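Take a look at the letters that make up each chain.
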Amino acid sequence: MSSIMKHKELDDKIVSAYSTLFNKQNDHAFALCTEALEQSIKSEYHRGIGACHVLLAKIYSLKQEWDKAINESNLALTLYFRTKDIVAAAYRLYDLALLHSQAEHHTTAIDYCTKALEAFQEIDDKYG
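Residues numbered from 1 in each chain as written. Predicted model: local features only at pLDDT ≥ 70, side-chain atom pairs only at ≥ 80, totals over all residues. Heavy atoms only, no water.

## With respect to the packing of helix α3 (residues 46-62) against helix α4 (residues 66-82)
And step 1. For the pair α3 and α4, the least separation of the axes is 8 Å and the interaxial angle reads 160 degrees. As summarised for this structure, α3 and α4 are arranged roughly antiparallel, according to the angle between their axes. Where α3 crosses over α4, the two elements pack in a sense that is left-handed. On the side of α3, the interface is formed by His46, Arg47, Ile49, Gly50, Ala51, His53, Val54, Leu56, Ala57, Tyr60 and Ser61, while α4 contributes Trp66, Lys68, Ala69, Glu72, Ser73, Leu75, Ala76, Leu79, Tyr80 and Arg82.
And step 2. Split into classes, the residues belonging to the contact of α3 with α4 amount to twelve nonpolar, five polar and four charged. (Axes fitted to C-alpha atoms, helices over the stretch in contact; angles between N-to-C directions. Helix = DSSP H or I, 4+ residues; strand = E, 2+ residues; numbered from the N terminus. Parallel < 35°, antiparallel > 145°, perpendicular 65-115°, else oblique. Left-handed = near helix turned anticlockwise from the far one by under 90°. Contact = heavy atoms within 4.5 Å. Nonpolar A, V, L, I, M, F, W, Y, C, P; charged D, E, K, R; others polar.)

Structure representation (structure tokens):
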């Protein structure tokens with residue numbers, strides 16, 4: 001199977017996991033996401049790996065498991081910096097600011113918010 005076909009299948013699985021989470025089926029979304037993450041890692045599909053870490057962060061934040069959510073978001077951020085996806089990295093910085101704020105790590109939240117603002121200004125993203 002070509003890598004393009006494999007990536008399409010992984011993208012479909014990840015979208016399905018996001019849809020499942022949207023429908024408030026957190027445990028099923030978690031199962032789909034971890035399966036997609038394992039397959040993305042095996043395929044060295046960086047976009048899929050990042051998307052899975054972002055989704056896991058969202059799942060953990062819904063459970064108010066802030067440390068796990070922050071860890072997953074940091075993994076995604078590291079990957080996006082490594083792949084030079086500066087738009088995705090800017091949004092992960094914003095997510096980290098929000099997660100730290102929810103975890104009541106206010107100083108860290110402000111630091112990440114400042115970094116996110118700088119990143120959004122760098123890419124001229126007025127919405128971010």
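## Examining the nonpolar core
And step 1. By size, the foremost hydrophobic cluster in this structure holds 35 residues, and its most contacted members are Cys33, Cys52, Leu55, Leu56, Ile59, Tyr80 and Leu93.
And step 2. At eight residues, the largest contribution of residues to this core is made by α3. (Core = buried A, V, L, I, M, F, W, Y, C linked by side-chain atoms within 4.5 Å. Buried < 20%, exposed > 50% of the residue type's maximum accessible area, 1.4 Å probe, protein only.)

## Details of helix α6 (residues 106-122)
And step 1. Between the first and last C-alpha of α6 there are 24 Å, a value that for 17 residues agrees with the 24 Å anticipated at 1.5 Å per step.
And step 2. The set of residues buried in α6 consists of Ala109, Tyr112, Ala116, Ala119 and Phe120. Projected onto a plane normal to the axis of α6, the buried residues spread over an arc of 95 degrees and lie on a single side. Opposite its buried face, α6 presents the exposed residues Thr107, Ile110, Gln121 and Glu122, each directed more than 90 degrees away. (Expected span 1.5 Å × (residues − 1). Arc of directions from axis to C-beta.)

## Focus on the layout of surface pockets
And step 1. Looking at the largest pocket, its volume works out to about 150 Å³.
And step 2. Forming the boundary of the largest pocket are Val54, Ala57, Lys58, Ser61, Trp66, Ser73, Arg92, Asp95, Leu98, Leu99 and Gln102.
And step 3. The set of elements that each furnish at least two residues to the lining of the largest pocket consists of α3, α4 and α5 (86-102).
And step 4. Looking at the lining of the largest pocket element by element, the count peaks at five residues for α5.
And step 5. Across the lining of the largest pocket, the residue classes tally to five nonpolar, three polar and three charged. (1 Å grid on protein atoms, 1.4 Å probe; cavity = no way out; pocket = protein on both sides within 12 Å on 5 of 7 lines; lining within 4 Å. Points joined across faces, edges and corners; volume = space filled by probe spheres on them.)

## Considerations on the packing of aromatic side chains
And step 1. As enumerated under the stated definition, the model contains two aromatic pairs in all.
And step 2. Summarising the aromatic geometry, the rings of phenylalanine 30 and tyrosine 60 are spaced 6.0 Å apart at their centres and angled 70 degrees between planes, so their arrangement reads as edge-to-face. Linking phenylalanine 30 in helix α2 (residues 26-43) with tyrosine 60 in helix α3, this pair joins segments that are 30 residues apart in sequence.
And step 3. What makes tyrosine 60 buried here is its relative accessible area of 12%.
And step 4. Here tyrosine 91 and phenylalanine 120 contribute two aromatic rings whose centre-to-centre distance is 4.9 Å and whose plane-to-plane angle is 75 degrees, an arrangement assigned as edge-to-face. With tyrosine 91 in helix α5 and phenylalanine 120 in helix α6, the pair connects residues that are 29 residues apart, well separated along the chain.
And step 5. Phenylalanine 120 gets classed as buried once you look at its relative accessible area, which sits at 3%.
And step 6. If you follow lysine 63 out to its NZ or CZ, it ends over the ring of phenylalanine 30, 5.6 Å from the centre.
And step 7. Here the guanidinium or amino end of lysine 115 rests over the ring plane of tyrosine 112, the centre of that ring lying 5.2 Å away. (Phe/Tyr/Trp six-rings, centres within 6.5 Å; stacked < 30°, edge-to-face > 60°. Lys NZ or Arg CZ within 6 Å of the ring centre and 35° of its normal.)

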